[in-house]
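# Residue-level structural notes
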Amino acid sequence: MGNGSGLMSGRFRCWMLAVVWVWLSEAHLAAQVKEEPLRVSTRVVAPFVVQDGDRLSGFSIDLWAEIARGMGAEYALNKRDSVKDLLGAVGSGAADLAIAAISITSEREKLYDFSQPIYEGGLQVLTRVEGDSPSGVAAVLHDLFSPQFLQLLGVALLLILVATHIIWLAERRHPDGIVGGVGYFKGIWRAAWWAASCLATQAEEMPRSAVGRWIAIAWMFGSVVFVAYFTAAVTAQQTVQQLRSGIRGPEDLPGKRVCTVAGSTSETYLKGHRIKAAAFRSVEECFAALIDKRADAVVYDSPVLLYFASHEGRGQVVPAGQVFRHENYGILLSRGSPLRKPVNEALLKLRENGVYEEIHGKWFATN
Ligand code: GLU
């Protein structure tokens, strides 16, 4: 009896100790999560992270606020400049996690942990709207008044003026010549008419004097060269314009003026496909270059491009082709981070209870 009760009390003691140990460790973990605000790094990339004065908002910020609420965690947001900085902050332990529009890639997966996907995106091409470059009659008029065309016209007039005077000098004394027997102005006018007709290979009469004929041969030869040069210049200008506007997807990018964001998955893609591109610090700089015609296309995250195309860039830019590489965004965590499980649990709950859809609708509603 006594032995039995001793055994019982021994077992009971062990059981009690285990309960207390579990309770203490859970309380400690909870206290850790609750007491020390999580250091969350982010970067402005609309509509995932939007700078609103001093405040940050956006899909990722709203989603994170709900995840943190589900975890019962306090947090402090810390803004960084680039994806590289976000990776650096989490890698060095300066931040507990990072959330923005961070793509989950095999390279990053080697060094970091990611949460479950928070958004399904991908890469796309953005160009200026077609209406921006004139077509049909407008294109012809545009070409006719282009500086290059006016310059060529000036050269043609100068050449005509020179040829006019030379032929006038050579022909003025010949009674049957094209300018003979009339006064200076009438003679010059006829000579000019002849020189212009000859340039357009339409001259009806030819000089009579021997010198005049030699000059005519030289002038006709010069005219052929000039017309050939003129035709080549106009054709080249049109070809360049057509090449620049004809972008329908990444396959049309080689040879175009492409820009993207430094350190992004788009830059990696372009480098991997040997497509030359200017890499800017922010996508806003790319948008400005595209609108100012310093670039022909922007390659970047599709949701970011579409958001710009339907907001500030409305009517000026348009996506070219479909998403050509699918990517998921995730919350970036250090390797083996104890936060991964609670973050995932809270995120999946938001998917199940409809809050995720609500936040998604708020930032990505088609309007
Ligand atoms: N999603 C891209 C990446 O993770 C670009 C993100 C960004 O520029 O913020 O590389």
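Here we summarise the structure given alongside this text. (Residues numbered from 1 in each chain as written. Predicted model: local features only at pLDDT ≥ 70, side-chain atom pairs only at ≥ 80, totals over all residues. Heavy atoms only, no water.)

It is worth spelling out the site of the ligand at this point. Around the ligand sit Arg43, Val83, Ala101, Ile102, Ser103, Arg108, Ser264, Thr265, Tyr300, Asp301 and Tyr329, and that is every residue in its neighbourhood. One of the side-chain nitrogen or oxygen atoms of Ser103 is found 2.7 Å away from a nitrogen atom of the ligand. Contact between the ligand and Asp301: a nitrogen atom at 2.5 Å from a side-chain N or O atom of the residue. Alone, the ligand offers 290 Å² of accessible surface; in the complex the protein occludes 99% of this. Because more than half of its atoms lie within 2 Å of the grid, the ligand is assigned to the largest cavity. For the shell around the ligand, a count of residues per class yields five nonpolar, three polar and three charged. (Near = heavy atom within 4 Å. Polar contact = N/O pair within 3.5 Å; in protein donor to acceptor, adjacent residues only side chain to side chain. Areas by Shrake-Rupley, 256 points an atom, 1.4 Å probe, with all protein chains shown as cover. 1 Å grid on protein atoms, 1.4 Å probe; cavity = no way out; pocket = protein on both sides within 12 Å on 5 of 7 lines; lining within 4 Å. Sits in = over half its atoms within 2 Å of the grid points. Nonpolar A, V, L, I, M, F, W, Y, C, P; charged D, E, K, R; others polar.)

This brings us to empty space enclosed by the protein. With the rule as written, the count across this model stands at two cavities of 30 Å³ or more. If you trace the largest cavity, you find 14 residues lining it, with Val83, Ala101, Ser264, Tyr300 and Asp301 closest to the centre. Counting only elements with at least two residues in the lining of the largest cavity, the list comes to α3 (83-92) and β10 (297-301). The residue makeup of the lining of the largest cavity, split by class, is eight nonpolar, three polar and three charged. (Points joined across faces, edges and corners; volume = space filled by probe spheres on them. Helix = DSSP H or I, 4+ residues; strand = E, 2+ residues; numbered from the N terminus.)

As a further point, take the side chain of Asn344. Mapped onto the elements of the fold, Asn344 is located in helix α12 (residues 340-352). For Asn344, the residues in contact, after removing those within four places along its chain, are Ser115 and Gln116. (Contact = heavy atoms within 4.5 Å.)

We now examine a nonpolar patch on the surface. Together, Val137, Leu141, Leu144, Phe145, Leu150 and Leu153 line one region of the surface with nonpolar side chains, adding up to about 580 Å² of accessible area. Sorting the residues of the nonpolar patch by element identifies α5 (137-144) and α6 (147-171) as the ones contributing at least two each. With three residues, the single largest contributor to the nonpolar patch is α5. Relative to the assigned elements, Val137 resides in helix α5. (Patch = residues over 30% accessible without salt bridge, like charges linked within 9 Å, V, L, I, M, F, W, Y side chains within 5 Å. Salt bridge = Lys/Arg side-chain N within 4 Å of Asp/Glu carboxyl O.)

A separate point is the pairing of strand β7 (residues 119-128). The element β7 is largely enclosed, with a buried count of nine among its ten residues. Where β7 and strand β11 (residues 317-329) come together, nine bridges link them in antiparallel fashion. The residue of β11 that forms the bridge with Gly121 is Glu327. The pairing of β7 with β10 spans five bridges and is classified as antiparallel. Its bridge partner being in β10, Leu123 is matched across the sheet by Asp301. (Buried < 20%, exposed > 50% of the residue type's maximum accessible area, 1.4 Å probe, protein only. Pairing = 2+ DSSP bridges.)

A few words on the sheet that holds strand β1 (residues 38-42). Sheet strands associate in pairs through backbone hydrogen bonding, adopting either a parallel or an antiparallel arrangement. Pairing is mixed in the open sheet, where five strands are placed in the order β4-β1-β5-β12-β6. One side of each edge strand has no neighbouring strand; the edge strands of this open sheet are β4 (75-79) and β6 (112-114). Inspection of the sheet shows strand β5 (residues 97-98) paired to strand β12 (residues 332-334) by two bridges, in the antiparallel sense. Across the sheet, the residue bridging to Ala98 is Leu332, located in β12. The sheet strands contacting α3 are β1, β5, β6 and β12, and the helix crosses β12 at an angle near 30°. (Axes fitted to C-alpha atoms, helices over the stretch in contact; angles between N-to-C directions.)

If you trace the five strands from one edge of the open sheet to the other, you get β9-β8-β10-β7-β11, paired in mixed fashion. Among the strands making up the open sheet, the edge pair consists of β9 (277-280) and β11. Across the sheet, the mean angle from the axis of one strand to that of its neighbour is 20°, orientation sign disregarded. Across four bridges, strand β8 (residues 258-261) lies against β9 in parallel orientation. Opposite Thr260, over in β9, you have Ala279 as the bridge partner. In this fold helix α9 (residues 265-272) packs onto β7, β8, β9, β10 and β11, with an angle of close to 140° to the strand it touches most, β8. The strands touched by helix α11 (residues 302-310) are β7, β10 and β11; relative to β7, the strand with the most contacts, the crossing angle is about 50°.

With that settled, the discussion passes to the packing of α6 against helix α7 (residues 184-199). Relative to each other, α6 and α7 sit at 125°, their axes nearing to 8 Å. It follows that α6 is oblique to α7 by the angle criterion. In this structure, α6 crosses over α7, and the sense of that crossing is right-handed. Contact residues: α6 offers Ala156, Ile160, Ala163, Thr164, His165, Ile167 and Trp168, while α7 offers Tyr184, Gly187, Ile188, Ala191, Ala192, Trp194, Ala195, Ala196 and Leu199. Here the contact of α6 with α7 is built from residues that sort into 13 nonpolar, three polar and no charged. (Parallel < 35°, antiparallel > 145°, perpendicular 65-115°, else oblique. Left-handed = near helix turned anticlockwise from the far one by under 90°.)

Another aspect to go through is the packing of aromatic side chains. Any two aromatic rings considered together are summarised by their centre-to-centre distance and by the angle between their planes. Going through the model one piece at a time under the given rule, you end up with 15 aromatic pairs. Judged by centre distance (5.6 Å) and plane angle (70°), the rings of Phe59 and Tyr119 are edge-to-face. With a gap of 60 residues between them, Phe59 in helix α2 (residues 59-71) and Tyr119 in strand β7 connect regions that are remote in the sequence. Of the two residues examined, Phe59 and Tyr119, each falls in the buried class. The cationic tip of Arg172 hangs over the ring face of Trp168; the distance from NZ or CZ to the ring centre is 5.4 Å. The residue whose ring lies beneath Arg351 is Tyr356, and the NZ or CZ to ring-centre distance is 4.0 Å. (Phe/Tyr/Trp six-rings, centres within 6.5 Å; stacked < 30°, edge-to-face > 60°. Lys NZ or Arg CZ within 6 Å of the ring centre and 35° of its normal.)

Distances and angles like these do not, on their own, reveal function.
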